[in-house]
Structures are given as C-alpha cells and as structure tokens.
Amino acid sequence: MANADLETPEFIERLRAGDRAAFALVVKHYHPRLLGAARTLLQPADAEEAVQDGWIAAHRALPKFEGRSALLTWLTRIVINQARMQLRKGGREVQFDPTEEGATDALAHRFNANGHWQEPPRAWALSGPDALLTRDELQHCLESHITAMPDNQRLALQLRDIQGLDFDDICNIMDVSASNVRVLLHRARARLFQMVDRFQETGEC
Amino acid sequence: MLKCKHVEQRADALVDGERLPFGEHLALRAHLMICRHCRRYLRQLQALVRTLRRSPAPLSDTHTEALVERIVDRQSE
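Analysis parameters
Residues numbered from 1 in each chain as written. Chains lettered and ligands numbered in written order. Predicted model: local features only at pLDDT ≥ 70, side-chain atom pairs only at ≥ 80, totals over all residues. Heavy atoms only, no water. Contact = heavy atoms within 4.5 Å. Buried area = accessible area lost by both parts, 1.4 Å probe. Salt bridge = Lys/Arg side-chain N within 4 Å of Asp/Glu carboxyl O. Helix = DSSP H or I, 4+ residues; strand = E, 2+ residues; numbered from the N terminus. Nonpolar A, V, L, I, M, F, W, Y, C, P; charged D, E, K, R; others polar. UniProt positions renumbered as here; feature names shortened; annotations may be inferred. Phe/Tyr/Trp six-rings, centres within 6.5 Å; stacked < 30°, edge-to-face > 60°. Buried < 20%, exposed > 50% of the residue type's maximum accessible area, 1.4 Å probe, protein only. Lys NZ or Arg CZ within 6 Å of the ring centre and 35° of its normal. Disulfide = S-S within 2.5 Å. 1 Å grid on protein atoms, 1.4 Å probe; cavity = no way out; pocket = protein on both sides within 12 Å on 5 of 7 lines; lining within 4 Å. Points joined across faces, edges and corners; volume = space filled by probe spheres on them. Domains from an automatic or database assignment. Axes fitted to C-alpha atoms, helices over the stretch in contact; angles between N-to-C directions. Parallel < 35°, antiparallel > 145°, perpendicular 65-115°, else oblique. Left-handed = near helix turned anticlockwise from the far one by under 90°.

Across the contact, 50 residues belong to chain A and 39 residues belong to chain B. Taking both partners together, chain A and chain B bury about 4200 Å²; carbon and sulfur atoms supply 61% of that area. When the buried area of chain A at its contact with chain B is split by residue, R20(A), K28(A) and R189(A) rank highest and sum to 15% of it. For the interface between chain A and chain B, the tally reads 9 salt bridges. Among the elements of the structure, α2 (20–39), α3 (44–61), α5 (136–148), α6 (151–162) and α8 (178–202) of chain A are those that each provide at least two residues to the side of chain A that touches chain B. Of the residues contributing to the side of chain A that touches chain B, the split by class is 26 nonpolar, 11 polar and 13 charged.

Mapped onto the present numbering, the UniProt feature "domain: Putative zinc-finger" (unreviewed entry) falls at residues 4–39 of chain B. Across residues 4–39 of chain B, helical content stands at 81% and strand content at 0%; the span's end C-alpha atoms are separated by 10 Å.

In this section: the UniProt feature "domain: RNA polymerase sigma factor 70 region 4 type" (unreviewed entry) in chain A. Taking the UniProt record as the reference, the feature "domain: RNA polymerase sigma factor 70 region 4 type" (unreviewed entry) is found at residues 141–192 of chain A. What you have in residues 141–192 of chain A is 83% helix and 0% strand, and the ends, taken at the C-alpha atoms, are 9 Å apart.

Moving on: the packing of aromatic side chains. Following the criterion strictly, the structure yields 6 aromatic pairs over all chains and no others. Note on F23(A) and W55(A): the rings are 5.7 Å apart at their centroids and 85° apart in plane angle, and the pair reads as edge-to-face. Of this pair, F23(A) sits in helix α2 while W55(A) is found in helix α3, placing the two residues 32 residues apart along the sequence. Taking relative accessible area as the criterion, F23(A) reaches 4% and is therefore assigned buried. Where F111(A) meets W117(A), the ring centres are 4.3 Å apart and the plane angle is 35°; that geometry is what we call tilted. According to the relative accessible area criterion, F111(A) is buried, its value standing at 7%. Following the ring pairs from residue to residue traces out a cluster consisting of F111(A), W117(A), W124(A), F193(A) and Y41(B). A cation over a ring is seen here: R182(A) above F167(A), with NZ or CZ 4.4 Å from the ring centre.

The next thing to look at is the state of the cysteines. Residue and element names in this part refer to chain A. What the rule picks out here adds up to 1 disulfide over all chains. At a sulfur-sulfur separation of 2.1 Å, the disulfide partner of C141 is C205. Measuring handedness by torsion sign, the sulfur bridge of C141 and C205 sits at about 100° and is right-handed. Remark: C205 occurs in the segment after α8 and C141 occurs in helix α5; sequence separation between them is 64 residues. C141 sits in the buried class, given a relative accessible area of 1%. By relative accessible area, which is 47% here, C205 ends up partly exposed.

This part is about the layout of surface pockets. Where empty space is left becomes clear once a probe the size of a water molecule has been rolled over the atoms. All names here are of chain A. Taken as a whole, the largest pocket spans an internal volume of roughly 630 Å³. Around the largest pocket, the lining is made up of 23 residues, and of these G36, R39, T40, E143 and Q158 lie nearest the centre. Taken together, the elements giving at least two residues each to the lining of the largest pocket come down to α2, α3, α5 and α6. Residue classes in the lining of the largest pocket are distributed as 9 nonpolar, 6 polar and 8 charged. In terms of domain composition, the lining of the largest pocket takes at least three residues from each of domain 1 (3–89) and domain 2 (108–202).

So, on to the environment of A24(A). Along the polypeptide, A24(A) turns up in helix α2. Judged by its relative accessible area of 14%, A24(A) is buried.

Relative orientation and spacing of two packed helices are given, respectively, by the angle between their axes and the distance between those axes. Residue and element names in this part refer to chain A. The N-to-C vectors of α2 and helix α4 (residues 71–89) enclose an angle of 45°; their axes lie 10 Å apart at closest approach. By the angle between their directions, the pair α2 and α4 is classed as oblique. The way α2 lies across α4 gives a crossing that is right-handed. Side by side, α2 and α4 meet where V26, Y30, R33, L34, A37 and A38 of the first sit next to L71, L72, L75, T76, V79 and I80 of the second.

Time to look at the UniProt feature "domain: RNA polymerase sigma-70 region" (unreviewed entry) in chain A. UniProt records the feature "domain: RNA polymerase sigma-70 region" (unreviewed entry) at residues 27–92 of chain A, using the numbering of this structure. End C-alpha atoms of residues 27–92 of chain A are separated by 28 Å, and the span's content is 76% helix alongside 0% strand.

The structure is reproduced here in structure tokens:
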C-alpha cells in the first residue's frame, strides 16, 4: 500500500471509526519513519519507547483527528512531543528555535571579506567507479556527522532531506517559522557539505 | 552583482525548488552563469541532498501485529 493511500479521506474515516486493520496498516508503514524522527532526539531504546507512547496517544486521539494536517505530520508531531517530554524528564530541553543556538554556517570561513570564495569547493567525483557519495566510508562519516549535529538541525535535516516532508509540515511539527526551518536546514547542509569536501581532499572523516 | 556568499546561502532554495521572487531568481541564475565555483557548489549540494533521501522499509506483518497488540493493550490499561 502506498503512503498516499493512507492519507485519503476514506481511509482516515476508517481509522476514526476504530478499524483495527486500517490502524495496523498505518503502524506498518509509518512506524519506521516515526522511529527515524524520534532517533534524531533520543537514543534507540528511548526512541522506541517514545514512538510507542506516541502510538498510544494517537490511537486514543484518532476519533477526534480532523485531518487539518496530513496523518503522517500529525503522528510525527505527537512523537516529537513525546520525545521532548522524555528529554525533559531526563533534565534536557531541546530548543528548536535557531536564534537560540549561536551556531554558524560551517562554510563561512571559506569566503573572503568581499563575500567571494577564497577556498572554493573541490570537485567531487560524482560518477564512475570512484563516485564519492556512494562510498561506504563516506556514508558512515555522514551518519556520524549527522549524529553530532545540534538536535534542531538534525531534526530539520531528517524531516526534509531524509524523509522528504514539505516545509509547511516541518513548521507544523517543529512549531517554528518557515524561515527558521530554512536556517536550520542550511546550517545542517553546510556542515555536511564541508565534511564531504574535506573527505574528498583528505579521505578522512 | 550578487556575492558568492549570498549564493551559498540561497542555494538551498534552488535545491528545494522554492519559488523565489523573480528578481532574486534572475540574479542567482545570472551569478551562476558566470561563476563556476558557485555552479559547482550548487551541483554538489544537489548531489549530496539526493544521497540523503531514504524511505525506510515497512515493518513485517508479524512485527506490526505484535506492536498493534501492545498499543491496544496498553491503551486499555
């Protein structure tokens, strides 16, 4: 079943009416994506617990789901809220607003005072047997850099570039403005660009 | 004339297919025509973003059923 079929009004009506088979289909297709989102903020075991708590809350609230956002957006928002609650219990708070974090653009040092490249991007091998982005070591390196990002950048990257959600949905899930999502995404991508560019030159992560 | 730094900051909008104001879109395209460093930056950023996209596989039926069981049970606790 395609994800689009889980978002039709007819299907949502079955869910609202408590159809167990319909609910199982949603769990089957959306659980891995929700887990991916929760893992951006939590360790794997805690993420699993947050998603399960999210499912329980969602199952309870489904009869009242009005379909103002897509089902996946609504579920992701519930799971992210569960994850934030878990963090709070452990004394951690995640700030999604990028103006609070004091982070900068990882490529900023590569421009001169006039705003032109002083250290331009290197040419990456993008095709052929040496294609850079398909190499396993680079994939591991990307993973570790994504893990090391500030939580809000990692979540924006996960929702947009890894899961392919729309900007409006991401704003809704993270409860920040579209311009803030763009700032977070730009910082996240700039970090990864800088990392891949360095890898291209040195072969080191 | 746009600076490369501005292009680097707005390249994300091009990667995301965002609708930019006509003037800005034109200025970005004009800069890209004459600046090979920014062209390379945009091309490689697009490749990087494409690499990140992943659709996780759905759960198996057995795993799904066990999970649904647990959700329904825990809700009725």
